[in-house]
Amino acid sequence: MGEEIRFITPFEKEYPDRLRNIPDAPSGLYVRGKLPVNKGVSVAVIGARDCSDYGKYVAEHLGAFLGRNRVTVVSGMARGIDGISQWAALEAGGTSIGVLGCGVDICYPAGNRVLFNRLLEQGTIFSEYPPGTPPRAMNFPVRNRIVSGLADAVVVIEARNKSGTLITVDMALEQGKEVFVVPGRVTDRLSDGCNKLIKQGAEILVSPEELLEELQKLKERTEERGGLRGKAGDGKAQERKLQGQVSQERKSDTESDTWLEEQSSEVPPELCDLYHALDFYPQSVEQIVARLPSDISLSQAAIQLIQLCIDKKAVQVSPGYFKGMQ
Amino acid sequence: MYSTVMTGALQGVSAYPVSVEVDVSPGLPTLSLVGSLSQEVREAKERVCVALRNAGFHLPAGRITVNLSPANRRKEGTAFDLPIAVGLLAAMDRIPGKRVENTLFLGEVGLDGEIKGVSGVLPIVREAVAWGVEQCIVPAANVLEGALISGIAVRGAASLQELFSFLLSEGGEGEALLPVVRLDAEKLFQEKAVEKVPDFSEVNGQETAKRGAEIAAAGFHNLLMVGPPGAGKSMIAKRIPGILPPLTLEESLEVTSVFSVAGLLREGETLATKRPFQSPHHSVSLPALVGGSTIPKPGMISLAHRGVLFLDELPEFQRAALDSLRQPLEEREIHIARVNGTVTYPSNFMLVCAMNPCPCGFYPDRNRCRCTEPQIRRYMGKVSGPILDRIDLCVELQTVDIASLKNCNKGESSGRIRERIVRARKIQKERFRGTKYQFNGDVEAADMEIFCALGEKEQQYMDQLYRNLNLSARAYHRILKVARTIADLAEAEQIMVEHLLEASFYRPAQEYWQ
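Quick caveat, the model's predicted, so the values are computed rather than measured.

On to the overall build of chain A, then. Each helix and strand in chain A was counted, giving 12 helices and 12 strands. Counting over 326 residues, chain A shows a buried share of 43%. Partitioning the contacts of chain A with sequence separation of at least 6, the portion at a separation of at least 24 is 68%.

Each helix and strand in chain B was counted, giving 24 helices and 18 strands. A principal-axis box enclosing the C-alpha atoms of chain B has dimensions of 90 × 50 × 45 Å. Residues counted as buried form 47% of the 514 residues belonging to chain B.

Before going further, it helps to examine the sheet that holds strand β18 (residues 393-396) of chain B. Residues and elements named next belong to chain B. Read from one edge of the open sheet, 5 strands run β11-β14-β17-β10-β18, paired in parallel fashion. Across the chains shown, the open sheet's two edge strands, defined by having one partner strand only, are β11 (277-278) and β18. The pairing of strand β10 (residues 223-226) with β18 spans 4 bridges and is classified as parallel. Looking at β18, one finds that L224 is bridged to C394. Against the sheet, helix α9 (residues 207-219) engages β10 and β18, with an angle of about 165° to β18. In this fold helix α10 (residues 233-243) packs onto β10, β11, β14 (308-311) and β17 (350-355), with an angle of close to 170° to the strand it touches most, β17.

Attention now goes to helix α5 (residues 139-150) of chain A. End to end, α5 of chain A covers 17 Å across 12 residues, agreeing with the expected 16 Å (1.5 Å per residue, within 8%). Every buried residue of α5 of chain A is accounted for by N144, R145, I146, V147, S148, G149 and L150 of chain A.

Residues and elements named next belong to chain B. The assigned domain composition of chain B is domain 1 (2-183) and domain 2 (197-431). In this structure, domain 1 and domain 2 have C-alpha centres spaced 41 Å apart. Counting residues at the interface gives 16 residues for domain 1, matched by 18 residues for domain 2. Broken down by element, the residue count for the side of domain 1 that touches domain 2 peaks at 3 residues, all from helix α4 (residues 121-128). For the side of domain 1 that touches domain 2, the class distribution of residues is 9 nonpolar, 4 polar and 3 charged.

Before going further, it helps to examine the domain arrangement of chain A. Domains assigned within chain A are domain 1 (6-252) and domain 2 (269-324). Computed from C-alpha coordinates alone, the two centres of domain 1 of chain A and domain 2 of chain A are separated by 37 Å.

Time to look at the sheet that holds strand β1 (residues 6-8) of chain A. Residues and elements named next belong to chain A. Read from one edge of the open sheet, 9 strands run β1-β2-β6-β5-β4-β3-β7-β8-β9, paired in mixed fashion. The open sheet has two edge strands, β1 and β9 (203-204), and neither has a second partner. Of the pairings in the sheet, the one linking strand β4 (residues 72-75) to strand β5 (residues 96-99) comprises 3 bridges and is parallel in character. Residue pairing for β5: V73 is matched across the bridge by S96. Each of β3 (42-46), β4 and β7 (153-156) touches helix α2 (residues 53-68); the most contacted strand, β3, lies at about 170° to it.

Time to look at the nonpolar core. Within the largest apolar cluster, 163 residues are counted, with the highest numbers of intra-cluster contacts made by L305 of chain A together with A85, L106 and V308 of chain B. Apart from residues no more than four positions distant in its own chain, L106 of chain B is found in contact with T7, G8, A79, L82, V118, V121, I124, C136 and V138 of chain B.

All names here are of chain B. Burial within strand β8 (residues 135-139) is extensive, with 4 of its 5 residues counted as buried. Bridge count for strand β5 (residues 103-105) against β8 is 3 bridges, and the pairing is parallel. Paired with L104 across the two strands is C136, which belongs to β8. The pairing of β8 with strand β9 (residues 153-157) spans 5 bridges and is parallel. Paired with I137 across the bridge in β9 is R155.

Below, the discussion takes up the interface of chain A and chain B. Tallying the contact residues gives 27 residues for chain A and 27 residues for chain B. Of all the secondary structure elements, the ones that give two or more residues to the side of chain A that touches chain B are α11 (285-290), α12 (298-310) and β11 (314-318) of chain A. Ranked by residues supplied to the side of chain A that touches chain B, first place goes to α12 of chain A with 8 residues. Looking at side-chain class alone, the side of chain A that touches chain B contains 12 nonpolar, 8 polar and 7 charged residues.

Next up on the list: the packing of helix α19 (residues 414-431) of chain B against helix α22 (residues 473-489) of chain B. Residues and elements named next belong to chain B. In contact at an axis separation of 8 Å, α19 and α22 are set at 115° when each is read in the N-to-C sense. Crossing handedness for the pair α19 and α22: right-handed. Contact with α19, carried on its side by R420, A424, I427 and Q428, involves T485, D488 and L489 of α22 and no other residues of that element. Within the contact of α19 with α22, the residues separate by chemical class into 3 nonpolar, 2 polar and 2 charged.

Here we come to the packing of α12 of chain A against helix α23 (residues 497-505) of chain B. One way to put it is that α12 of chain A packs onto α23 of chain B with a least axis distance of 8 Å and a crossing angle of 90°. Judged on the interaxial angle alone, α23 of chain B and α12 of chain A are roughly perpendicular. Listed contacts from α23 of chain B to S299, A302, I303, I306 and Q307 of chain A of α12 of chain A are E498, L501, E502, S504 and F505 of chain B. Partitioned by chemical class, the residues of the contact of α12 of chain A with α23 of chain B number 5 nonpolar, 3 polar and 2 charged.

Residue and element names in this part refer to chain B. By the element assignment, P83 lies in helix α3 (residues 81-91). Distance in space between the C-alpha atoms of P83 and G110 is 14 Å, their sequence separation being 27 residues. Discounting chain neighbours no more than four positions away, the residues touching P83 are V5, T7, V20 and F105.

Rules used in this analysis
Residues numbered from 1 in each chain as written. Chains lettered and ligands numbered in written order. Predicted model: local features only at pLDDT ≥ 70, side-chain atom pairs only at ≥ 80, totals over all residues. Helix = DSSP H or I, 4+ residues; strand = E, 2+ residues; numbered from the N terminus. Buried ≥ 20, exposed ≤ 12 C-beta atoms within 10 Å, placed from the backbone. Contact = placed C-beta atoms within 7 Å. Pairing = 2+ DSSP bridges. Axes fitted to C-alpha atoms, helices over the stretch in contact; angles between N-to-C directions. Expected span 1.5 Å × (residues − 1). Domains from an automatic or database assignment. Nonpolar A, V, L, I, M, F, W, Y, C, P; charged D, E, K, R; others polar. Core = buried A, V, L, I, M, F, W, Y, C linked by C-beta atoms within 7 Å. Left-handed = near helix turned anticlockwise from the far one by under 90°. Parallel < 35°, antiparallel > 145°, perpendicular 65-115°, else oblique.

Below, the structure is given as structure tokens:
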């Protein structure tokens, strides 16, 4: 399974419907893995390759959430956000489409071999380039139109200014897709691109549930517009199913907050100050101590930080750097 | 006519006796030198002949044979010149044979009869006591080295002329010519021990790194420092010898011997009183690091014996050179095998390494570091795993900005840190009496339960730590060893929870790299 390479053209039924409507649609696609069904919802999750821990965290959670809710995650199988969200979706039992900028027989980047194989089993790999085409820099911006084209909406997690991710966003807007952006902090270079998009009027992605609701509305709108009367029943069923899942998800997730892990235990009072000085971003012990209201020695702080790590409230990223966990 | 004269040759940092046998018999005038000799020993023939003539002695026209016994061992170096010259004169009856009995000669001879300094005087004189030698005549340049050894009379000669007048003189007259030089090693040691070394109070900030260095020095753990360029890694490393306990006399003689063999004792320097600090450049070759070449010379690791070997820019070192450190780190000595035999040099050093966290130096500060994950992994991967396995402590340094440099309170002085370390070492000495270990850093996993036992509460804590920090078994043992040292520093009988916590803070970086 997944070993054979198929070639599909717009004249065939299997050709993704969403691609039929985009400008400059590929005249043919090489496919490996399962052929995706045209029904269902799909979201493109894209972002920086050298993402921060924050980006990684969000990509993991969003990917897993989408996977659980049977939303297909479309992405470019790149390092960083792309690969992480796809992997999370597959791990959660969902499906995913990887669109490559090289032949479908080539795993690029080579470091994502495991993801590549998993996609062959559980998802789909697409490319408009014939097998054997090496990964060329010029191919990647072009394939981005397929990434956005295959999705109903695009989520940007982290992007620097002038990031390749922004090219995908431009194409998505051209294709009339909805763009959601995960906000970052103004001091983070990795979120500059995201914040710029928000300033330009992109939707802000605050919680995954919201995304699901928006997707639902989008779906209804397209159905109304497209007048798919014959398939209305199908659509309704899908909708009910989707809503059912959403409400179920809500319950199990203890009142929203999908981003955060379940609270395990309370932080002991003597460690509270230190805990609050922690951040999602790795900080050195010196930086953390500098944020404390009281004066404690670095060695003392080090001991307390390890205590927080044992309680799973913090993570030691490297010998002298810590970040917080919720 | 026949004579024999005693001398010695080096074998690593120890020595073996060599007797120079000279025979003058009638025949065609020749001089042949035998006994498995290297080029420079064979050349002694020319040097000695000319020097003797210039000193006023003419060789007889006969068949002269010189044999260096044991003849099957390879002889190297120029220290055989003097015994050959003395042997020739004794065989010619120019000096009484009685005068050269039980006397060991060492030295290179110049054409004008000058006696020049050679390397390895200290180890040879040290061993000579056991061979029943009563007096040693060594080059005047090296006499202070030899004079450290008690139980043997050591005299320094500057020229052949001087030496011969001594050998020909009778009784007290000779004493005045070449007096016995004697140095009280203990006293010298006390005097020189107060020499100034770089002090920890000069390092501002970097509290955790300094504390890490203190723990490492106390338990003889190997240390890795990670940090951007300019954070003070080398500065801290250079100060570690200053917080190690002072050298004992015995240790000092070991260090001096290695330097003497390597010919690195400076003129007038008698006894090494400071712990050595060796910092090889990362382009260092394998033989230069561990010792080698055809005549195996001690390498950097032996020169760092009883001191600190500092490897800056760890990932830049050749993998082969780093891997060669495994045996010396394990066995505390290095065996170098060559065609002419195996020599063993001591290499009981503390390993201190430094490296950048990534090619640019700023990881994990993602706002400044633009290195990709594979780049970082590749950079870290350059450090050989087996070496990381032998590093117990890891500290990370950050760049200190100028404002805090000025405001920082002065650090503790090396002297005060050293006091704590000396106390911790004393506790370890008690603990390991009668075992194969010396320090907490040496303890093997199998003996962990004996020496690093935990109370019930602490054990529970350690289990929790092991689970929640995803430790490997190896890291678990390292934390125990380091915690034992921290407890020793605090002079605590039992390892307590806070010691375990502090030890886990310093756990080695490899855990994050996997």
